[in-house]
Amino acid sequence: MGLEEKVPSGFLLSTVETLAGFARKGSLWPASFGLACCAIEMMSTAGGRYDLARFGMEAFRASPRQADVMIVAGRVSQKMAPALRQVYDQMVEPKWVLSMGVCASSGGMFNNYAIVQGVDHVVPVDIYLPGCPPRPEMLIHAILALHEKIAHMPLGANRADAVRAAEEAALSARPLIELTVPRR
């Protein structure tokens, strides 16, 4: 018989996961990975008009060791993909990725050998943000969706297994360019 059975339901009691989720979602440190025109919209989100600091993202970090959210904004070339993966590997755990714009999410209009057809073939993506380029309001909405995801994330060994399985599934997915469309 614990304390939770003596006290009325919901009275100053919380799980460690809920408390950790609340603390994590309010203190995200983004690493900017602006590669194209979407980066301008990402930068304007940090300005005074949209004020990303309201959501706990005070400043964009230039060092991956100080960041836990990567916002990939724009198209990723084949030459940039290893650098993107290296920055992701250097980020602290737990870490999350936002794919900003249609070029980062699926290669966009650049269906050629030089552009990665979706950043999810390089790093596991948590939130996809559509648009060309997406407006700052859309980025804020995606960050709020990420807050909800972070708040309900498990801790401990269960979290490590879930992250590992998601990363393996994302990286083993078949590239979009290889998919065939059935002809009539």
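Cut-offs and rules
Residues numbered from 1 in each chain as written. Predicted model: local features only at pLDDT ≥ 70, side-chain atom pairs only at ≥ 80, totals over all residues. Heavy atoms only, no water. Helix = DSSP H or I, 4+ residues; strand = E, 2+ residues; numbered from the N terminus. Buried < 20%, exposed > 50% of the residue type's maximum accessible area, 1.4 Å probe, protein only. Contact = heavy atoms within 4.5 Å. Areas by Shrake-Rupley, 256 points an atom, 1.4 Å probe, with all protein chains shown as cover. Expected span 1.5 Å × (residues − 1). Axes fitted to C-alpha atoms, helices over the stretch in contact; angles between N-to-C directions. Parallel < 35°, antiparallel > 145°, perpendicular 65-115°, else oblique. Nonpolar A, V, L, I, M, F, W, Y, C, P; charged D, E, K, R; others polar. Arc of directions from axis to C-beta. Pairing = 2+ DSSP bridges. Salt bridge = Lys/Arg side-chain N within 4 Å of Asp/Glu carboxyl O.

Draft legend 1. View of the overall build of the chain. On a plain count of helices and strands, the chain comes out with seven helices and four strands. Written out in order from the N terminus, the α and β elements of the chain read α-α-β-α-β-α-β-α-β-α-α. Per-residue burial for the chain yields a buried fraction of 39% across its 184 residues. The long-range share in the chain, meaning contacts at least 24 apart out of those at least 6 apart in sequence, stands at 77%. For the chain, the exposed surface amounts to about 10,800 Å²; the carbon and sulfur share of it is 59%.

Draft legend 2. Quick look at helix α6 (residues 136–151). For α6, which comprises 16 residues, the first-to-last C-alpha distance of 23 Å matches the rise-based estimate of 22 Å (1.5 Å per residue) to within 8%. Of the residues making up α6, those classed as buried are P136, L139, I140, A142, I143, L146, H147, I150 and A151.

Draft legend 3. Structural context of the side chain of T45. Positionally, T45 belongs in helix α3 (residues 38–45). When its relative accessible area of 0% is taken as the criterion, T45 is described as buried. With residues up to four places along the chain from it excluded, the contact list for T45 reads Y50, D51, L52, P136, L139 and I140.

Draft legend 4. Up close: the packing of α3 against α6. Interaxial distance between α3 and α6 falls to 9 Å at its minimum, and their mutual angle equals 70°. Considering their axes alone, α3 and α6 lie roughly perpendicular with respect to each other. Where α3 approaches α6, its residues E41, M42, S44 and T45 are matched on the opposing element by P136, L139 and I140. Of the residues in the contact of α3 with α6, the class split is four nonpolar, two polar and one charged.

Draft legend 5. Structural view of helix α4 (residues 81–90). Within the sequence span of α4, burial applies to A81, L84, R85 and Y88. The arc that holds the buried residues of α4, viewed along the axis, is 95°, so those residues lie on one side.

Draft legend 6. The arrangement of the sheet that holds strand β3 (residues 96–100) in detail. Pairing is parallel across the open sheet formed by four strands, whose spatial order is β1-β2-β3-β4. Two strands lie at the open edges of the sheet, namely β1 (30–34) and β4 (127–129), each paired on one side alone. Between one strand and the next, the sheet's axes are offset by a mean angle of 15°, whatever the strand orientation. Taken together, the three bridges between β3 and β4 define a ladder with parallel strand orientation.

Draft legend 7. Main features of the pattern of salt bridges. If you walk through the whole model with that rule in mind, you get five salt bridges. Salt-bridge contacts for K95 lead to E93; the nearest nitrogen and oxygen are separated by 3.7 Å. With relative accessibility at 52%, the residue E93 sits in the exposed group. One salt bridge in this structure joins D126 and K149, with 3.2 Å as the shortest N-O distance. Of the two residues, D126 is situated in the loop between α5 (102–106) and β4 and K149 in helix α6; the sequence distance between them amounts to 23 residues. Looking at D126, the relative accessible area reads 22%, which means it is partly exposed. Residues joined by salt bridges that share partners form a network here, namely E41, R135 and E137.

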